[in-house]
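Tertiary structure, described
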Amino acid sequence: MAEEKRITPMAQDFSAWYIDVIKNADLMDYAPVRGCMIFKPAGYAIWEAIQRGLDSRFKATGHENAYFPMLIPESFFNKEKEHVEGFAPELPWVTEAAGEKLEERLALRPTSETIVGWAFQKWIQSWRDLPVLVNQWANVFRWEKRTLPFLRTSEFLWQEGHTAHADEKEAREETIRMLNVYVDFVQNEMALPVWEGQKTPSEKFAGAIDTYSIEAMMKDGKAVQAGTSHYMGTKFAQAFNIQYLDKDQTLKFVHTTSWGASTRLIGCLVMAHGDDKGLRLPPKIAPVQLVMIPVGPAKLREKVLARFDPLFQQIKAAGIRVKADAREEYSPGWKYNEYELRGVPLRLEIGPRDIDNNVVIIVRRDTGEKITASQDGLIDIINNLLTDIQQNMYNQALQFRQDHSFEATTLAELTDILDKQFGFVLGGWCGSGACEEEVKKATKATARNKPFGAPKQMPTCITCGQPSVATVWYARGY
RNA sequence: CGGGGCGUAGCUCAGCCUGGUUUAGAGCGCUGCGUUCGGGACGCAGAGGUCGGAGGUUCAAAUCCUCUCGCCCCGACCA
């Protein structure tokens, strides 16, 4: 028997499990530079699916794609104090080109507020120029001390939306609109429930007035910020002098927003849906939704393929992302394991007996259930199954989140819950940074966000017992 | 940047402590041929290494010493 690809059980070592899954599912490879990674085709295909889902939503809300340069002059960062303090420590620099030292060194962008601000200043003169609604798909660099594939890498891919508006009201509406776009995408396509809410001041984006996030729960109970949306007020407008002449004939600063989601969504997908057999992809995201595998003895192979091929064409023509794997050098059993590892939602087997009975065998990745399905009306059966898997995966993730959501009224309770059960803990917060800091020191958990529509209002601060100004989710995060 | 682990075949590693029968090995993978094929098949024959790099010790270094580069995991910092 051949050596099996082995995945460390999730319960034994979650980190090892994660690395095993992404390696065995062939999503990535390590790169020669520390903290950088190669997106292999299977991993990049997931990113493309995410891009499609988000991009169509951005277009539908009136945004256009643009592209700004990756190199940003150092002086740009010094124009906004909080921004530079937030990002300076993790910037890689270009200091030399064509064999000569540069007069001003250039940062590899960690985000593009500065260079977008510079451009907006040139583009905006009149109230008629507003709003400006652009998005870019790009790579950015943040030299983090510690890296983890997809979740935290020195270079990552993302989209960043940047908008400029005439007033605060409009800009704030945009901020929440885009937050809701992320909610819609992640919940409906990635089958992941999230808590949308506002970040506490200490967790804000460097340079923002208000930061909002969506927080998803991984299977180790940790939180991942899966998307963010920021209201910048006029901070960047003042830093880059983005002013317009309003209808009342006075010069005014624009109000800007930015919002982003990155390739860490792929890590979310793995950690929130995966199991000990490997990846599980929700059908709407899965690059391959159905894999077809012919089975049976070699002498009957022609008979099988004679039905297999037209069936494949029929399924493909119906718009289902189907892959046929009729390779003879791998046994069916090997293929079953391989595609389970890769997270393909449905597997279809067809052999001589099935052909005689006018059926196929369909196996669900989410439940492992084997279904004998008639070849007549097969397309409807597949489509219904895909819909059902999508819903089931969401329900499973929601159930998991409910099972790992708690509430605490004291720091001792919070510590106890996080140590014994892991998950998200709802608690009150008095508004002081010191209390947040204390929670962090005691539990390594942070205030993830102040959720909209919290399940319950917690009246007193978990740390100091004073009346709370907000109810927050506390959790350890990635 | 601290702590730990590790660099030997494409991959996972053994060999190192105690230097010399090792002509550097194993399993998987890879190539060729044949047999198999309903849950990770098998036989036979092959290809593949300046033992991460640089110095040093020695008659002799994958093995001992020094330096260096890099990777992974765990902490402090972050999407």
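The structure displayed is predicted, hence computed values, not measured ones. (Residues numbered from 1 in each chain as written. Chains lettered and ligands numbered in written order. Predicted model: local features only at pLDDT ≥ 70, side-chain atom pairs only at ≥ 80, totals over all residues. Heavy atoms only, no water.)

Bringing the overall build of chain A into the picture now. Scanning chain A from N- to C-terminus turns up 14 helices and 23 strands. A globule of 478 residues ought to have a C-alpha radius of gyration of about 23 Å, and chain A, at 25 Å, matches this closely. For chain A, the spread of C-alpha atoms along the three principal axes comes to 80 × 55 × 50 Å. Out of the 478 residues in chain A, the part that is buried amounts to 54%. Long-range pairs, those at least 24 residues apart, make up 68% of the contacts in chain A between residues at least 6 apart in sequence. With an accessible surface of roughly 21000 Å², chain A has 50% of that area assigned to carbon and sulfur atoms. Computing the positive centroid from 57 side-chain charges and the negative centroid from 62, chain A places the two 2 Å apart. (Helix = DSSP H or I, 4+ residues; strand = E, 2+ residues; numbered from the N terminus. Rg over C-alpha atoms; globule rule 2.2 N^0.38 Å. Buried < 20%, exposed > 50% of the residue type's maximum accessible area, 1.4 Å probe, protein only. Contact = heavy atoms within 4.5 Å. Areas by Shrake-Rupley, 256 points an atom, 1.4 Å probe, with all protein chains shown as cover. Lys, Arg positive; Asp, Glu negative; His and termini not counted. Charge placed at Lys NZ, Arg CZ, Asp CG, Glu CD.)

Attention shifts here to the sheet that holds strand β6 (residues 100–108). Strands sit in the order β4-β6-β5 across an open sheet of three strands; the sheet is antiparallel. The open sheet has two free edges, formed respectively by β4 (71–73) and β5 (93–97), since each of these has just one partner strand. Going across the sheet, the axis of each strand differs from the next one's by a mean of 50°, ignoring polarity. Sheet topology note: the β4/β6 ladder contains three bridges and is antiparallel. Along β6, the bridge assignment pairs Pro-73 with Leu-106. (Pairing = 2+ DSSP bridges. Axes fitted to C-alpha atoms, helices over the stretch in contact; angles between N-to-C directions.)

Let's shift gears to the domain arrangement of chain A. You can read the domains of chain A as domain 1 (14–273), domain 2 (290–391) and domain 3 (405–475). The straight-line distance from the C-alpha centre of domain 2 to that of domain 3 is 48 Å. (Domains from an automatic or database assignment.)

Let's shift gears to the packing of aromatic side chains. By the definition in use, this model includes 18 aromatic pairs. With centroids separated by 5.7 Å and ring planes inclined at 75°, the aromatic side chains of Trp-47 and Trp-137 adopt a geometry described as edge-to-face. Of this pair, Trp-47 sits in helix α2 (residues 41–60) while Trp-137 is found in strand β7 (residues 132–141), placing the two residues 90 residues apart along the sequence. Trp-47 gets classed as buried once you look at its relative accessible area, which sits at 1%. Accessibility expressed as a relative area gives 18% for Trp-137, which makes it buried. Of the aromatic side chains, those joined through ring pairs into one cluster are Trp-47, Phe-58, Trp-137, Tyr-182 and Trp-259. For Lys-222, the ring lying beneath its charged end belongs to Tyr-478, and the centroid distance is 4.6 Å. (Phe/Tyr/Trp six-rings, centres within 6.5 Å; stacked < 30°, edge-to-face > 60°. Lys NZ or Arg CZ within 6 Å of the ring centre and 35° of its normal.)

Attention shifts here to the pairing of strand β18 (residues 359–364). With respect to burial, β18 is a largely interior element, six of its six residues being buried. The pairing of β18 with strand β19 (residues 370–374) spans five bridges and is antiparallel. Its bridge partner being in β19, Val-360 is matched across the sheet by Ala-373. Counted between consecutive antiparallel strands, the loop separating β18 from β19 contains five residues, among which Gly-368 sits at a positive phi close to 80°.

With respect to topology, 11 strands assemble into an open sheet ordered β3-β7-β8-β14-β11-β10-β9-β22-β23-β21-β20, the strand pairing being mixed. Each edge of the open sheet is held by one strand with a lone partner, namely β3 (64–65) and β20 (405–407). Both β7 and strand β8 (residues 155–165) contribute to a ladder of 10 bridges, which runs antiparallel. Bridge pairing in β8 links Ala-138 to Trp-158.

The next point concerns the pattern of salt bridges. Counted by the stated rule, this structure contains 31 salt bridges. As a salt-bridge pair, Arg-172 and Asp-210 come within 2.8 Å of each other at their nearest N and O atoms. Note that Arg-172 is positioned in helix α6 (residues 168–188) and Asp-210 in strand β10 (residues 210–217), a separation of 38 residues in sequence. For the salt bridge of Asp-248 with Lys-252, the shortest nitrogen-to-oxygen distance reads 3.0 Å. Exposure remark for Lys-252: the relative accessible area of 28% places this residue in the partly exposed category. (Salt bridge = Lys/Arg side-chain N within 4 Å of Asp/Glu carboxyl O.)

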